[in-house]
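Listed below are the residues making up each chain.
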Amino acid sequence: RRGFEALSANAGDARSTAGKLQSLADMDIYVSRLVGDYLVEKHNLGGMEETDYRQQLGLLFNRVRLDNTGELKKLFEARGGRWFSVGEFSRDLGPANGRKAATNAWLLVQHADFDAEFQKKILDILRALPSSEVDPQERAYLEDRVAVKFGRPQLYGTQVDCIKGVVRPQGV
């Protein structure tokens, strides 16, 4: 984790900011896959080992999400509260890399579940952006995530729970 934290981003430099966003997103994806693999495969440790493994994995997952949210907020604030739009990054990095940087920023806010107010703040910003600057599907996912967090019904049904192998939408 220290290697990711050590990566600094110059808020005015698209390449540096995109690199930081990529590093944070990579860590998020890595830990999410680790948890997903555990849930699918259940390492069959049994007893206290299983309990300890599950607890440690949960702590790691939560720590990464909390740290990533903090880093994203720092980047966002250093940019004067401007969101990481596709167009801005595309101008400096090309369309594919611009899209990737914006998607990485979205992934991080989507997973900023310990700070629902921050998610809502960013959703309000995304709502005001033209569709050329933010992926409508990403906006829909965040729309539903925030709705569920604040006890409102989802608009798109993107947020689900899986309980005993049954997938159900949350709060629809």
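The structure under discussion appears in the preceding block.
The rules behind these values
Residues numbered from 1 in each chain as written. Predicted model: local features only at pLDDT ≥ 70, side-chain atom pairs only at ≥ 80, totals over all residues. Heavy atoms only, no water. Pairing = 2+ DSSP bridges. Helix = DSSP H or I, 4+ residues; strand = E, 2+ residues; numbered from the N terminus. Salt bridge = Lys/Arg side-chain N within 4 Å of Asp/Glu carboxyl O. Core = buried A, V, L, I, M, F, W, Y, C linked by side-chain atoms within 4.5 Å. Buried < 20%, exposed > 50% of the residue type's maximum accessible area, 1.4 Å probe, protein only. Contact = heavy atoms within 4.5 Å. 1 Å grid on protein atoms, 1.4 Å probe; cavity = no way out; pocket = protein on both sides within 12 Å on 5 of 7 lines; lining within 4 Å. Points joined across faces, edges and corners; volume = space filled by probe spheres on them. Axes fitted to C-alpha atoms, helices over the stretch in contact; angles between N-to-C directions. Parallel < 35°, antiparallel > 145°, perpendicular 65-115°, else oblique. Left-handed = near helix turned anticlockwise from the far one by under 90°. Nonpolar A, V, L, I, M, F, W, Y, C, P; charged D, E, K, R; others polar. Expected span 1.5 Å × (residues − 1). Polar contact = N/O pair within 3.5 Å; in protein donor to acceptor, adjacent residues only side chain to side chain.

J.: Could you give me a rundown of the pairing of strand E2 (residues 166-169), with the residues and numbers involved?
T.: With 4 bridges connecting them, strand E1 (residues 160-163) and E2 associate as antiparallel partners. Paired with Asp 161 across the bridge in E2 is Arg 168.

J.: Talk me through the pattern of salt bridges; I want residue IDs and the actual numbers.
T.: For the structure shown, the criterion picks out 13 salt bridges. Its salt-bridge partner being Lys 74, residue Glu 71 comes within 3.2 Å of it at the nearest N-O pair. One end of the pair, Glu 71, and the other, Lys 74, are both in helix H3 (residues 47-78), 3 residues apart, so they sit about a helical turn from each other. The network of salt bridges with shared partners includes Lys 120, Asp 124, Arg 127 and Glu 143.

J.: An account of the nonpolar core is needed here, citing residue identities and associated values.
T.: Taken as a class, soluble globular proteins show a tendency for nonpolar side chains to be buried jointly. Formed by 26 residues in total, the largest nonpolar core has its most connected members in Leu 21, Leu 72, Trp 83, Phe 84, Phe 89, Ile 122 and Leu 142. Within the residue set of this core, elements represented by two or more residues are helix H2 (14-41), H3, helix H4 (86-93), helix H5 (95-110), helix H6 (116-128) and helix H7 (136-149). Tallying contributions element by element places H5 first for this core, with 6 residues. Other than its neighbours up to four places away in sequence, Leu 72 contacts Leu 21, Leu 24, Trp 83, Phe 84, Ala 105, Leu 108, Val 109 and Phe 118.

J.: Account for the layout of surface pockets, with residues named and values stated.
T.: In this structure, the largest pocket encloses a volume near 200 Å³. Lining the largest pocket are Arg 145, Thr 158, Gln 159, Val 160, Asp 161, Cys 162 and Gln 170. With 3 residues, E1 is the largest single contributor of residues to the lining of the largest pocket.

J.: Tell me what's going on with the packing of H3 against H6, and back it up with residues and numbers.
T.: Close contact between H3 and H6 brings their axes to 12 Å; oriented N to C, the two are set at 40°. Here H3 lies oblique to H6, going by the angle between them. Here the hand of the crossing between H3 and H6 comes out left-handed. For the pair H3 and H6, contact is made by Thr 69, Leu 72, Lys 73 and Phe 76 and by Phe 118, Lys 121, Ile 122 and Ile 125, respectively. For the contact of H3 with H6, the residue count by class is 5 nonpolar, 1 polar and 2 charged.

J.: Outline H4, listing residues and values.
T.: Of all 8 residues in H4, 6 are buried, a share of seventy percent or more. Turning to H4, its buried residues are Val 86, Gly 87, Glu 88, Phe 89, Ser 90 and Leu 93. A positive backbone phi angle near 95° is found at Gly 94, which sits one or two residues after H4.

J.: Break down H7 for me, citing the residues and quoting the values.
T.: Helix length check: H7, at 14 residues, gives a terminal C-alpha distance of 20 Å against a target of 20 Å (1.5 Å per residue), a fit within 8%. All buried positions along H7 are accounted for by Glu 138, Arg 139, Ala 140, Leu 142, Glu 143, Asp 144, Arg 145, Val 146 and Ala 147. Residues of H7 that are buried make contact with H5 and H6. Regarding H7, its N-cap is Asp 135, as a side-chain oxygen of that residue lies 2.7 Å from the backbone nitrogen of Gln 137 further along.

Read these as spatial facts, not as claims about activity.
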